[in-house]
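Residue-level listing of the chains:
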Amino acid sequence: MKKDLLKLLDLSGEEILHILDVADQMKYNQKHGLPHEYLKGKTLAMIFEKNSTRTRVSFETGMFQLGGHAIFLSGKESQIGRGEPVEDTARVLSRYCDGIMIRTFAQEEVEALARHASIPVINGLTDFCHPCQVLADLMTIRERMAKLEGLKLCFIGDGNNMANSLIVGGLKCGMEVSVACPEGYDPDPKVLEFAGSDPAFKFSLVRTPREAAVDADVIVTDVWASMGQEEEKAQRERAFAGYQVNEELMALAHPECMVQHCLPAHRGEEITAQVFEDHAQEIFDEAENRLHAQKAVMYLLMAGEEIG
Ligand code: CP
Ligand code: NVA
């Protein structure tokens, strides 16, 4: 049966770690000029109903490096934007392509696409989650810290798609996860239910960034207004004032604390320019690792063979 990557809630901790192992191998192969054209002759359709720089370029480049081809379909310019039902799009693309990547608003649209497609579907961001980004984040953290288990991951800001995926991914990989969000901007109830479902999970949701940041090994933040929330910008700026990753907050964390930001970043809002530049190496490693992590995902879902 075909498999999809719709959300990290669907994967076990072992499956996530396996993707990270394959991602490390993909990175090694690429850096050492080793052949890894596992998807020769295969095509990925990429549906974008929201803007993107990293996701588009990393998926398209990743497919090329794997020997395949990627097709960009913007919501607006394809028949999707004119209302063609997702179940028809799924069945049509399944006749031409070998995989579909989709970035859209509702998680339900991605789930419906996967139900009606006979080829793997990969979630390239919804309002609910951003699994590919968090795979890259976990890869970057493990690369630098040599482990995930036992590390404290702290998220500051909006309980958005990034917060949701970080909570699930972090806990599944044995990390302690602390989240600081203002009231009214909590992570999704399904994610909070998951975080409370296992007594072994170390999870806390607090109202002040200071409480969450103490002894953190990794601090992660994201924009205050996500794509689709542009009209709430002013209201959100008021709600999130104080939820900034700055030097004062970093001083509470572990001295070797990493910073991750999925980008694009708004300096002076969720992160100061100083903290951003101090941790630019880690943040751009994170951006690079989108390529390697997604190559691993595409290989595992679309090649149907073990890596050599
Ligand atoms: N981080 C991320 O998904 O970036 P893009 O929106 O540029 O794809
Ligand atoms: N939370 C952000 C992430 C962008 C990569 C958004 O959804 O716009």
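First, a word on what this report is: a plain description of the structure on this page. (Residues numbered from 1 in each chain as written. Chains lettered and ligands numbered in written order. Predicted model: local features only at pLDDT ≥ 70, side-chain atom pairs only at ≥ 80, totals over all residues. Heavy atoms only, no water.)

**Let's talk about the site of ligand 1**
And then number 1: The environment of ligand 1 is formed by S52, T53, R54, T55, R103, H130, Q133, C262, L263 and R290.
And then number 2: Contacts to ligand 1 include R54, whose side-chain N or O atom sits 2.8 Å from an oxygen atom.
And then number 3: Take Q133: an N or O atom from its side chain is 2.9 Å from a nitrogen atom of ligand 1.
And then number 4: More than half of the atoms belonging to ligand 1 lie within 2 Å of the grid points that define the largest pocket. (Near = heavy atom within 4 Å. Polar contact = N/O pair within 3.5 Å; in protein donor to acceptor, adjacent residues only side chain to side chain. 1 Å grid on protein atoms, 1.4 Å probe; cavity = no way out; pocket = protein on both sides within 12 Å on 5 of 7 lines; lining within 4 Å. Sits in = over half its atoms within 2 Å of the grid points.)

**Re the environment of N123**
And then number 1: In this structure, N123 sits in strand β4 (residues 121-123).
And then number 2: Residues N123 and N246 lie 123 residues apart in sequence; the distance between their C-alpha atoms is 31 Å.
And then number 3: With residues up to four places along the chain from it excluded, the contact list for N123 reads L5, L6, I102, Q107, V110, C129, P131 and C132.
And then number 4: Engagement of the side chain of N123 in a polar contact is seen with the backbone nitrogen of L125, the distance being 2.7 Å. (Helix = DSSP H or I, 4+ residues; strand = E, 2+ residues; numbered from the N terminus. Contact = heavy atoms within 4.5 Å.)

**Let's talk about the layout of surface pockets**
And then number 1: By volume, the largest pocket amounts to about 640 Å³.
And then number 2: Classifying every residue of the lining of the largest pocket gives 10 nonpolar, 14 polar and 11 charged.
And then number 3: Lining of the second largest pocket is provided by K3, D4, L5, L6, D10, L11, E15, H18, I19, V297, L300 and L301.
And then number 4: Those elements that place two or more of their residues in the lining of the second largest pocket are α1 (13-31) and α12 (280-302).
And then number 5: For the lining of the second largest pocket, the class distribution of residues is 7 nonpolar, 1 polar and 4 charged. (Points joined across faces, edges and corners; volume = space filled by probe spheres on them. Nonpolar A, V, L, I, M, F, W, Y, C, P; charged D, E, K, R; others polar.)

**So, the packing of aromatic side chains**
And then number 1: As enumerated under the stated definition, the model contains 7 aromatic pairs in all.
And then number 2: Here the aromatic cluster, defined as three or more aromatic residues joined through ring pairs, consists of Y185, W224, F240 and Y243. (Phe/Tyr/Trp six-rings, centres within 6.5 Å; stacked < 30°, edge-to-face > 60°.)

**With respect to the side chain of R290**
And then number 1: Position of R290 relative to the elements: it lies in helix α12.
And then number 2: Among buried charged residues, R290 stands out as having no salt bridge; its nearest opposite-charge side chain is D137, 6.9 Å away.
And then number 3: In contact with R290, not counting residues within four places along its chain, are R54, T55, S58, H130, C132, Q133 and A136. (Buried < 20%, exposed > 50% of the residue type's maximum accessible area, 1.4 Å probe, protein only. Lys, Arg positive; Asp, Glu negative; His and termini not counted. Salt bridge = Lys/Arg side-chain N within 4 Å of Asp/Glu carboxyl O.)

**Here's the deal with the site of ligand 2**
And then number 1: Within the structure, ligand 2 sits among L125, N160, N161, D222, V223, S226, M227, C262 and L263.
And then number 2: With respect to ligand 2, the side chain of N160 contributes an N or O atom lying 3.4 Å from a nitrogen atom.
And then number 3: One of the side-chain N or O atoms of N161 is found 2.8 Å from an oxygen atom in ligand 2.
And then number 4: Coverage of ligand 2 by the protein chains reaches 93% of its 270 Å² of free accessible surface.
And then number 5: Most atoms of ligand 2, that is more than half of them, are within 2 Å of grid points of the largest pocket.
And then number 6: When its residues are assigned to classes, the shell around ligand 2 shows 5 nonpolar, 3 polar and 1 charged. (Areas by Shrake-Rupley, 256 points an atom, 1.4 Å probe, with all protein chains shown as cover.)

**Observations concerning the packing of α1 against helix α5 (residues 131-145)**
And then number 1: For the pair α1 and α5, interaxial distance at closest approach is 10 Å and the crossing angle is 70 degrees. The angle between α1 and α5 places the two elements in the roughly perpendicular class. Each of I16, L17, I19, L20, D21, A23, D24 and K27 in α1 lies in contact with α5, whose residues at this interface are L135, L138, M139, R142 and E143.
And then number 2: Looking at the contact of α1 with α5 residue by residue, the classes come out as 8 nonpolar, no polar and 5 charged. (Axes fitted to C-alpha atoms, helices over the stretch in contact; angles between N-to-C directions. Parallel < 35°, antiparallel > 145°, perpendicular 65-115°, else oblique.)

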